[in-house]
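# Structural overview for review
What follows is each chain in one-letter form.
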Amino acid sequence: MASDKEQNENRTLARGKAIEDWLPITSSRNAKWWYSAFHNVTAMVGAGVLSLPYAMAALGWGPGVAVLVISWVVTLYTLWQMVEMHEMVPGKRFDRYHELGQYAFGDKLGLWIVVPQQLVVEVGVNIVYMVTGGKSLKKFHDTICPNCKPIRTTYFIMIFGSVHFVLSHLPNFNSISGVSLAAAVMSLSYSTIAWTASLHKGVKPDVDYSYKAEKTSDGVFSFFSALGDVAFAYAGHNVVLEIQATIPSSPEKPSKGPMWKGVLVAYVVVALCYFPVAFIGYWIFGNSVDDNILITLEKPSWLIAAANMFVVIHVIGSYQIYAMPVFDMIETVLVKKMNFTPCFRLRFISRTIYVALTMFIGMTFPFFGGLLGFFGGFAFAPTTYFLPCIMWLAIYKPKKFSLSWFANWVCIVFGVLLMIFSPIGGLKQIITSAKNYQFYS
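Presented here is a report on the structure given in the accompanying data block. (Residues numbered from 1 in each chain as written. Predicted model: local features only at pLDDT ≥ 70, side-chain atom pairs only at ≥ 80, totals over all residues. Heavy atoms only, no water.)

### Some details on the overall build of the protein chain
Secondary structure assignment for the protein chain yields 16 helices and zero strands. What you see for the protein chain is a C-alpha radius of gyration of 22 Å, in line with the 22 Å of a compact globule of 441 residues. Seen through its C-alpha atoms, the protein chain measures out along the principal axes to roughly 85 × 55 × 40 Å. Taking all 441 residues of the protein chain together, the buried fraction comes to 53%. Put simply, 85% of the contacts in the protein chain that link residues at least 6 apart link residues at least 24 apart. Surface accessibility of the protein chain: about 19600 Å² in total, with carbon and sulfur atoms responsible for 70%. Charged side chains of the protein chain number 33 positive and 24 negative; the gap between the two group centres comes to 2 Å. (Helix = DSSP H or I, 4+ residues; strand = E, 2+ residues; numbered from the N terminus. Rg over C-alpha atoms; globule rule 2.2 N^0.38 Å. Buried < 20%, exposed > 50% of the residue type's maximum accessible area, 1.4 Å probe, protein only. Contact = heavy atoms within 4.5 Å. Areas by Shrake-Rupley, 256 points an atom, 1.4 Å probe, with all protein chains shown as cover. Lys, Arg positive; Asp, Glu negative; His and termini not counted. Charge placed at Lys NZ, Arg CZ, Asp CG, Glu CD.)

### Quick notes on the layout of surface pockets
Looking at the second largest pocket, its volume works out to about 500 Å³. In terms of lining residues, the second largest pocket is bounded by 16 residues, among which His98, Leu111, Thr332, Val333 and Lys337 are the most central. The set of elements that each furnish at least two residues to the lining of the second largest pocket consists of α5 (97-105), α6 (107-144) and α13 (301-337). Residues belonging to the lining of the second largest pocket are distributed by class as follows: seven nonpolar, three polar and six charged. (1 Å grid on protein atoms, 1.4 Å probe; cavity = no way out; pocket = protein on both sides within 12 Å on 5 of 7 lines; lining within 4 Å. Points joined across faces, edges and corners; volume = space filled by probe spheres on them. Nonpolar A, V, L, I, M, F, W, Y, C, P; charged D, E, K, R; others polar.)

### Concerning the nonpolar core
In terms of nonpolar packing, the biggest core is built from 116 residues, with Tyr234, Tyr274, Tyr385 and Met391 touching the most fellow members. Ranked by residues supplied to this core, first place goes to helix α11 (residues 256-285) with 16 residues. If sequence neighbours within four positions are ignored, Tyr385 has contacts with Ser71, Val74, Thr75, Thr78, Val230, Ala231, Tyr234, Phe380, Cys411, Phe414, Gly415 and Leu418. (Core = buried A, V, L, I, M, F, W, Y, C linked by side-chain atoms within 4.5 Å.)

### What to know about the state of the cysteines
For the structure on display, the rule yields one disulfide. The disulfide partner of Cys145 is Cys148, and the S-S distance across this bridge is 1.5 Å. Of note, the bridge from Cys145 to Cys148 carries an S-S torsion of about 70° and is right-handed in sense. A relative accessible area of 31% places Cys148 in the partly exposed class. Between Cys411, a cysteine without a disulfide, and Cys389, which holds the nearest cysteine sulfur, the sulfur-to-sulfur distance is 4.2 Å. Taking relative accessible area as the criterion, Cys411 reaches 5% and is therefore assigned buried. (Disulfide = S-S within 2.5 Å.)

### Description of the environment of Ile321
Mapped onto the elements of the fold, Ile321 is located in helix α13. By relative accessible area, Ile321 is classed as buried at 0%.

### Focus: the environment of Gly161
Take Gly161: it is sitting in helix α7 (residues 153-167). A residue is classified by how much of its surface remains accessible, and Gly161, at 0% relative accessible area, is buried. Each residue touching Gly161, except ones within four places of it in the same chain, is listed here: Met130, Val355 and Met359.

What follows is the structure, encoded as structure tokens:
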């Protein structure tokens, strides 16, 4: 009887291990530290970097510089916490954000706190990237061929989506490292094009750094909206544990060493992308800058066309990085809860449906950026700015009024304020863009 029980247990364990070896997050654990560097750059530097000068124009010099720099420091600190917490229980690895949440808040509550927020961020980013990719392709086409017959954005989103119908069948993080490397290089390239081309133009003679809004209420709304833009510029935390899960680990050589090295490199690259674009773009154009600095630049057209193509390539990589944890969740539910057999066909069908869904929503609501400003405020700010701090306080319980205790509470207050204020700006943006909107234009 005992042997039967043992056999059953062994069978369950073997099945559990077979499933873990099949799932995208845990199937391959031989990543190098530089994989984590470019995965993090790809996840963090979004095409949103091109709207930073516009955010600066709404914030002004003082608040703008402060928010950008404070966000950089706070998110680096919370990212360090995530990397540390990945293996804080000896012999166990928290390979997914929600596993850490379950350890901190209990099995049920942990799932309910983390998974909805993580899904809003990852699925939201995927939809926004469908739109961004499509729009950048359209800009590329219009810049190269200004006299061609105009093609609808909807079709460009379809063209962009078709790439993902192929790429999303790469099984795990390590198999997309090539795509991710290309994306990371591209993000550095188009950021550099944006600020060097601005510098080349020189400061406009009639440059104006005052707030653009005539009414105070409009100024306040755009201030809040810009806070949201900056907050989402630093949103790589949703995939950081999943990226760390791909790095090999042993008691002598824990994964946090190479991972942290990669994160530091990634953050230096992030600073090189964000700060020059935001500050130089605003310095040159003042408050007349567009919400995408490439539009303000216009000429030389070949350079702007190249920058738009770079954006497309980068967004292809970013889409995959954010989709991978979603695929992992979908496949976990299918295999563990619904008892499907892990096979290629299951993966092929589920991933194709997901890509089609994000493409369809992107085509239907191309003003999704404003929507993200709204929803993102509720999900980006917590997962990036203060959820790691709350977990840290819950697990490590630092002494009251100690440095660690203070640092965490400062981040929590900062994050909560961002969470409250940025959706207000986003909501106003949605209302104004939805007024004169036509479906599938």
